Amino acid sequence: MAGDNEITVNGTRTETEDSPREIGAALEKVIEHVGEMGLYQKLLFFSMLPFGMVWSFVYFSQMFITATPQEHWCRVPELEDLSVELRRSLSIPGAADGGEYDHCNMYDANWTLVLETMLPPDPSTNTVPCQNGWEFLFEDIPYSTVVNEREWVCDKAGYVPWSQAINFLGSIFGGILCGTLADKYGRLPVLILANFLGCLGGVATIFTNNFWDFSVCRFIVGMSCDSCFLIIYILVLEFVGTRHRTFVANMSIALYFGGGCLLLPWLALWLSDWRHLMLATSLPMLVAVLTPLIVPESARWLVSKGRVDDAVKLLKKFERINRSKIPQKVMDDFILVAITTKDDEESIWSLLRTPSLRKMVAMLVVAFMAVAVTFDGLIRMSENLGLDFFLTFTVTAAAEIPSIALLVVLLDRFGRRLLVFAPIMISGVIAFIMTFVPRGVATVSLAVVARFFTNMSYGAVIQWTPELLPTSARAAGASLVHISGFAAVIFSPFIVYSERAWEGLPLVIVAAVALVGGLAALPLPETAGRGMPQTMDDWRALADTAPFRRKRNIEENSSDTAENR
């Protein structure tokens, strides 16, 4: 190697048996010598904090700006001078009895006569839909939201799940767009773009007036999720040694995303204004413009674009900050592999043309989708579990940190398959039990336990996904799996909304989905303790370790032996 701006490799150097032949392996060798979790990697780990928190804001803030005050009824202008309780009992069917009352209809009465007698109309009096809007009692949701301001209740109640579904639709579109742009222009510019889109859509939401402009803005916000965090997540993992990767991969989500989930409900309560909440959760995304000052570009991406000299400068920066030394031979090996490597990434369609790989991806997609829907559905039910919405959300979100911490301890010991299958099955059983438990403390307690186990499955399946795919198809395959997860989560708001048909229906659906996800994980091969497959031959060897395939191979071998005898 010559200088900083020009790279040369000894052309007579011969390749030894231990010389890496693939850029990932070559980079791993460099990381081993530069420090697997040195000062720079620790700085990168902490730099993920703002991105993890805004990711939780982007994902869940819409719940807090479209929360529906449970106490609402038809407004009757003629009764406005009366107290709240009297207005409601005189005008709304069922309210005078003190029980469940009609939220969407009012008596078609002579209000002058009602005011004279101060008695509610006869229960047999005809009712009509609300004629003059609604009144809202801000007890469970102690601030004004989009729902009460725009009266998205009764016949317009469906606007809430539809706007959330459109937000998730934006995530699918944004995932494809950001993935394509990241491959072409680099990871850092697209990280900045994703966070800018989230900020733009969030701030623009404040100025909307109806369902469609609100939904367009939420679609733009959705385009930033998950890319607002996932890009820096992948970048940091690239530079962390394998021994520390499980910790960084899982604890960054637990501490930063989980921390954001814990903060969000209390931020909403403190601000007590949905517009201020939008500003508070959107403007921090602009911190992304400072990212290039700390976070390096992907070395793999630089190599794939022929910018080997920039990749070497980047690794020298690690060497300098970590106060370590990369042996000349290790650096020369990296440069040689980088110069000779070819960009052989497969498209999604190439991935699906291989029958055996197609089956594996199909099972992985089903498992990922089921875990995602169970995770999202459980936390979106926080508003309807019988206790304070903000406290319920906080308590269920608090399960994130201990569950992921436990996962870090168990993942390499018991493997990915078991820690996807067992926790999600337990979550499904708990969700089914919750169907028959009265709403209140008991239901919320069970929801916390279910969320605890779902978090474990989610963390395990996220780490399992890239480990199951060969290098040439890893990017395309992982992208397909994550986008499929968002496609499934589009239905999550409607699962929660199905409570209007029967209170227990959302939990029954979640339980069934969890059961399907757990069963889908069983045929997949275990990857704990194995290197990620680099070639299709490596992948076939991994696929042969799958439980049912291994049994079939044993039976085939036994049959062949019997025939030979």
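Preceding block: the structure.
Quick caveat, the model's predicted, so the values are computed rather than measured.

Calculation notes
Residues numbered from 1 in each chain as written. Predicted model: local features only at pLDDT ≥ 70, side-chain atom pairs only at ≥ 80, totals over all residues. Heavy atoms only, no water. Disulfide = S-S within 2.5 Å. Helix = DSSP H or I, 4+ residues; strand = E, 2+ residues; numbered from the N terminus. Buried < 20%, exposed > 50% of the residue type's maximum accessible area, 1.4 Å probe, protein only. Phe/Tyr/Trp six-rings, centres within 6.5 Å; stacked < 30°, edge-to-face > 60°. Lys NZ or Arg CZ within 6 Å of the ring centre and 35° of its normal. Expected span 1.5 Å × (residues − 1). Bend = angle between axes of the 7 residues up to and from the residue. Salt bridge = Lys/Arg side-chain N within 4 Å of Asp/Glu carboxyl O. Contact = heavy atoms within 4.5 Å. Polar contact = N/O pair within 3.5 Å; in protein donor to acceptor, adjacent residues only side chain to side chain. 1 Å grid on protein atoms, 1.4 Å probe; cavity = no way out; pocket = protein on both sides within 12 Å on 5 of 7 lines; lining within 4 Å. Points joined across faces, edges and corners; volume = space filled by probe spheres on them. Nonpolar A, V, L, I, M, F, W, Y, C, P; charged D, E, K, R; others polar. Core = buried A, V, L, I, M, F, W, Y, C linked by side-chain atoms within 4.5 Å. Axes fitted to C-alpha atoms, helices over the stretch in contact; angles between N-to-C directions. Parallel < 35°, antiparallel > 145°, perpendicular 65-115°, else oblique. Left-handed = near helix turned anticlockwise from the far one by under 90°.

Colleague: Honestly, the state of the cysteines in this entry has me stumped. Any pointers?
Modeller: Structurally, a disulfide amounts to a covalent bond that connects the sulfur atoms of two cysteines. This structure, assessed with the given rule, holds two disulfides. The disulfide partner of Cys74 is Cys130, and the S-S distance across this bridge is 1.8 Å. Classification of the bridge connecting Cys74 and Cys130 rests on its S-S torsion, roughly -70°, and on that basis the disulfide is left-handed. One end of the pair, Cys74, is in strand β1 (residues 72-74); the other, Cys130, is in the loop between β3 (127-129) and β4 (134-136), and 56 residues separate them in sequence. Here Cys74 falls in the buried class, since its relative accessible area comes to 0%. Looking at Cys130, the relative accessible area reads 15%, which means it is buried. Each bonded cysteine of the protein chain gets a number by its place in the sequence, and the pairs then read 1-3, 2-4. Left without a disulfide partner, Cys178 is nearest to the cysteine sulfur of Cys228, which lies 9.2 Å away.

Colleague: How do you make sense of the packing of aromatic side chains when you look at a structure like this?
Modeller: For any pair of aromatic rings, geometry is given as the distance between the ring centres together with the angle between the planes. Summed over all chains, the structure comprises 31 aromatic pairs. Measuring from ring centre to ring centre gives 5.7 Å for Phe45 and Phe46, while their planes differ by 70°; the resulting arrangement is edge-to-face. For Phe46, a relative accessible area of 56% puts it in the exposed group. On the numbers, 4.9 Å between centres and 75° between planes, the contact of Phe211 with Trp212 is edge-to-face. Under the relative-accessibility criterion, Phe211 is labelled buried at 11%. For Trp212, a relative accessible area of 61% corresponds to the exposed category. The ring centre of Trp73 lies 4.7 Å from the NZ or CZ of Arg88, which sits over that ring.

Colleague: Would you take a moment to explain helix α3 (residues 49-65) for this structure?
Modeller: The periodicity of an α-helix, 3.6 residues per turn, causes residues three or four positions apart to be oriented the same way. Its 17 residues give α3 an end-to-end C-alpha distance of 24 Å, which sits within 8% of 24 Å, the value for a rise of 1.5 Å per residue. Taking the largest bend as the criterion, α3 deviates by roughly 45°, centred on Tyr59. Most of α3 sits out of view: 15 of its 17 residues are buried.

Colleague: Would you mind showing me how to read the pattern of salt bridges here?
Modeller: Between side chains of opposite charge, a pair can form as their charged atoms come close. Going through the model one piece at a time under the given rule, you end up with 15 salt bridges. The partner of Glu71 in a salt bridge is Arg88, with the nearest N and O atoms 3.0 Å apart. Taken as a pair, Glu71 in the loop between α3 and β1 and Arg88 in helix α4 (residues 84-91) lie far apart in primary sequence, 17 residues in all. Taking the shortest distance from any N to any O, the salt bridge between Asp310 and Arg307 comes out at 2.9 Å. By relative accessible area, Asp310 is classed as partly exposed at 24%. Sharing partners across several salt bridges, the network here consists of Glu71, Glu85 and Arg88.

Colleague: Would you take a moment to explain the environment of Glu297 for this structure?
Modeller: Among the secondary structure elements, Glu297 is positioned in the loop between α12 (274-282) and α13 (299-304). As a C-alpha pair, Glu297 and Arg187 span 110 residues in sequence and 6.4 Å in three-dimensional space. Each residue touching Glu297, except ones within four places of it in the same chain, is listed here: Gly186, Arg187, Leu188, Pro189, Leu235, Phe239, Leu302 and Leu314. Of note is the side chain of Glu297, whose polar atom sits 3.4 Å from the backbone nitrogen of Leu188.

Colleague: I tried to follow the layout of surface pockets on my own but got confused; where do I start?
Modeller: A water-sized probe, rolled over the atoms, reveals where empty space remains. If you add up the space inside the second largest pocket, you get close to 1,000 Å³. If you trace the second largest pocket, you find 36 residues lining it, with Gln70, Glu383, Asn384, Glu499 and Arg500 closest to the centre. Only α3, α7 (159-185) and α23 (492-497) provide two or more residues apiece to the lining of the second largest pocket. Class assignment for the residues of the lining of the second largest pocket results in 16 nonpolar, nine polar and 11 charged.

Colleague: Help me understand empty space enclosed by the protein, please; the structure alone is not making it clear to me.
Modeller: The tally for this structure, following the rule as stated, stands at four cavities of 30 Å³ or more. In this structure, the largest cavity occupies an estimated 320 Å³ of space. Surrounding the largest cavity, 22 residues form its lining, Trp55, Asp226, Ile253, Tyr458 and Ile462 being those nearest its centre. Every element with two or more residues in the lining of the largest cavity is listed here: α3, α10 (227-238), α11 (242-271), α17 (355-380), α19 (400-414), α21 (441-467) and α22 (471-489). Grouping the amino acids of the lining of the largest cavity by side-chain chemistry returns 15 nonpolar, five polar and two charged. In this model, the second largest cavity occupies a volume close to 50 Å³. What lines the second largest cavity is Phe57, Val58, Ser61, Gly198, Gly202, Arg218, Val221, Met278, Thr281, Ser282 and Met285. Those elements that provide at least two residues to the lining of the second largest cavity are α3, α8 (187-205), α9 (211-223) and α12. Its residues assigned to classes, the lining of the second largest cavity shows five nonpolar, five polar and one charged.

Colleague: When you look at the nonpolar core in this model, what are you seeing that I'm missing?
Modeller: In a soluble, globular protein the nonpolar side chains are often hidden away together inside. Residues Phe60, Phe64 and Phe334 are the most contacted members of the largest nonpolar core, which totals 152 residues. With sequence-adjacent residues up to four places away left out, Phe334 is seen in contact with Ile23, Ala26, Leu27, Val30, Val303, Ala311, Val312 and Leu315. Of all hydrophobic cores here, the second largest spans 18 residues; its members include Ala431, Val444, Ile495 and Ala511.

Colleague: Looking at this structure, I do not really get α9. What am I missing?
Modeller: With 13 residues, α9 extends 18 Å from end C-alpha to end C-alpha; this agrees with the ideal 18 Å at 1.5 Å per step. Looking at the buried residues of α9, the elements they touch are α3, α6 (146-150), α7, α8 and α12. Capping the start of α9, Asn210 holds a side-chain oxygen 3.0 Å from the backbone nitrogen of Trp212, two or three residues further along.

Colleague: Explain the packing of helix α20 (residues 416-434) against α21 to me, please; I cannot follow it from the model alone.
Modeller: Pairs of packed helices are described in terms of their axes, by the angle between the two and the distance that separates them. Relative orientation of the contacting elements α20 and α21 amounts to 155°, with a least axis distance of 8 Å. By the angle between their directions, the pair α20 and α21 is classed as roughly antiparallel. The handedness of the crossing between α20 and α21 is left-handed. Classifying every residue of the contact of α20 with α21 gives 17 nonpolar, five polar and three charged.

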